[in-house]
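Architecture at a glance
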Amino acid sequence: MKHSATFFDLATGPQARATWPLPESTLTYFPDVRFAYSGRDLAAGAATITRGAEMVDNEPHIPVLIDRCVELLAPALTRRAFDGTGATLVDATLGAGGHARRFLAQFAGLRLIGLDRDSDALRIAGERLAPFADRITLVHTRFDQVDSMNVDNIAGIDQTVAANGGIDGILFDLGVSSMQLDRPERGFSYSTDAPLDMRMDTGEDTGEHPESDLTAAKILNTFDEKALTRLLREFGEERFANRIAARIVRRRANTPFSTTGELVELLYQAIPAATRRTGGHPAKRTFQALRIAVNAELESLRHALPAALGSLRPGGRIVVMAYQSLEDRIVKSEFAAATASRTPPGLPVELPGYGPEFFALTRGAERAGSDEIEGNPRSAPVRLRALERVGGEKR
C-alpha cells in the first residue's frame, strides 16, 4: 500500500504555542487566540488540560466516550472468552491509540488491527501500544481503502480473522484528531499561524509520494469563485460563502494565500460583526470545509461504512463517533439502510431471509454527558451510533 504522512518535531509541552505566532494585525481581530486551543469542529470549545489525562508526546490525550465504546463492543469481543481470546477488533481511526490501548488492556486475549492514514500517528500509537505488540497489527492506509479484498489481505497477517470468518468489532472515531489539531505545523488550527496545508498524509517522513497534491493553499489560490462558494457552503455549511469566496478571489489576485493567519484575517473582514459576536470563531466553518475537501473525508466515509459493515461476522458490532453534522448524516443514512427490512414494499409480511441485516444498539445518536464534556471539551459535539449484525449466538 502507498501511504505516508508527515513527521513533525514535537511540541515542547502541553501548553506549547505555535512556532508561527499570528501577526499582530490578526491578533487585533482575534485577541483570544493568544491563549485558546482550537476545537475539533463546529461545536467544540477551547480545549483545556484535564487532571488525569494521558500524555502523548507531552500533550494531553483523552479518548472520547471510551467507557461507552467498551460497553457497546464488549459483548461482541467476549463471545468466545471473557478476555477476548479469539476476537478481533479493528480500530479504523487509530490516531494516538487511546481507545486501542484501553481495549487491549481490558481484554488480554484480544487481537487488534489499527488503521491510520497518518504515519506520524502510527509511530506514536506503535510506541504507546508496544506492551501489546504481539496482539496488534498496524496498517498505514485510509480506512476507505480497506474493502473486502484488503480485509482478506490483513487476514493473511492476522490468522484470527481468517479463522473467525470476519471481524468481531469495528470502531470509527471520525474527524481530525486532537493530536493533529494541537500541532500547528499541520495547518488544521485557526488559532495559530501556519502553512495552509491541512493534508493528513503529506509523504514527507518516508519520502513517498503523498496521497494527494491538493492543499488548502492550492484550493484558495486556484479554485474559481463559484467552486469556492460551493465548497464553503456544502462542506462548511457557511452562510456567508458567497462573500468569503469573492474576497478570497480579490485578495489572491495581488497576493496568493500561504498561511492560516492570512485566511483568518480575511474571514474576520468578510463575516459581519454581529455574527462574529454570537456565532463562535468566524474561521471555524471555512477551516472545516477546507480540511474536508483536502482529505476527501466525506467521500472516504461513504465508501468505508458499507465495507466495514460487510466485514463484520454475525454478532459483530460497529461503533461510529462523528463530530459534525455532515459526517453524522452519512452515518445515520447508512445505518438506517442497514437496519431496514429488505422485503419488497407493499407485502403484508416480511419474507423469510429478507429481514434487516443489522439492528441498532443506540436510540438515535448518543452524546457525551456533562461530566465528560467538563473534563474533555472536545467531546461536546460527539454523536455516537452503534449497530450489531444479526445472527450472533447469544451467550
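Notes on the structure follow. (Residues numbered from 1 in each chain as written. Predicted model: local features only at pLDDT ≥ 70, side-chain atom pairs only at ≥ 80, totals over all residues. Heavy atoms only, no water.)

1. A word on the environment of Ala-87
- Relative to the helices and strands, Ala-87 resides in the loop between helix 2 (66–77) and strand 3 (88–91).
- Expressed as a C-alpha distance, the spacing of Ala-87 and Gly-316, which sit 229 residues apart in the sequence, is 9.8 Å. (Helix = DSSP H or I, 4+ residues; strand = E, 2+ residues; numbered from the N terminus.)

2. Here's the deal with the sheet that holds strand 8 (residues 358–360)
- What the seven strands build is an open sheet, ordered 5-4-3-6-7-9-8; its pairing is mixed. The sheet terminates laterally at strand 5 (136–140) and strand 8, the two strands that pair on one side only. On average, each strand axis in the sheet is tilted by 15° relative to the strand beside it, whichever way the strands run.
- The pairing of strand 3 with strand 4 (residues 111–116) spans four bridges and is parallel. Bridge pairing in strand 4 links Leu-89 to Leu-112.
- The strands that helix 2 touches are strand 3, strand 6 (167–173), strand 7 (312–322) and strand 9 (383–389); relative to strand 7, the one it contacts most, it runs at about 170°. (Pairing = 2+ DSSP bridges. Axes fitted to C-alpha atoms, helices over the stretch in contact; angles between N-to-C directions. Contact = heavy atoms within 4.5 Å.)

3. Brief notes about the packing of aromatic side chains
- On inspection of all chains with the given rule, the structure shows two aromatic pairs.
- With 6.4 Å between their ring centres and 25° between their planes, Phe-103 and Phe-107 make a pair best called stacked.
- The interplanar angle of 85° and the centroid separation of 5.3 Å between the aromatic rings of Phe-143 and Phe-172 together place this pair among those described as edge-to-face. Of the two residues, Phe-143 is situated in the loop between strand 5 and helix 5 (148–157) and Phe-172 in strand 6; the sequence distance between them amounts to 29 residues. (Phe/Tyr/Trp six-rings, centres within 6.5 Å; stacked < 30°, edge-to-face > 60°.)

4. Here's the deal with the side chain of Asp-193
- Note that Asp-193 resides in the loop between helix 7 (178–181) and helix 8 (216–222).
- For the buried Asp-193, which has no salt bridge, the nearest side chain bearing the opposite charge is Arg-251, at an N-O separation of 9.3 Å.
- Of note is the side chain of Asp-193, whose polar atom sits 3.1 Å from the side chain of Thr-259.
- Among the polar contacts made by the side chain of Asp-193, one reaches the main-chain amide nitrogen of Gly-261 at a distance of 2.5 Å. (Buried < 20%, exposed > 50% of the residue type's maximum accessible area, 1.4 Å probe, protein only. Lys, Arg positive; Asp, Glu negative; His and termini not counted. Salt bridge = Lys/Arg side-chain N within 4 Å of Asp/Glu carboxyl O. Polar contact = N/O pair within 3.5 Å; in protein donor to acceptor, adjacent residues only side chain to side chain.)

Scope: geometric values only; no functional claims are made or implied.
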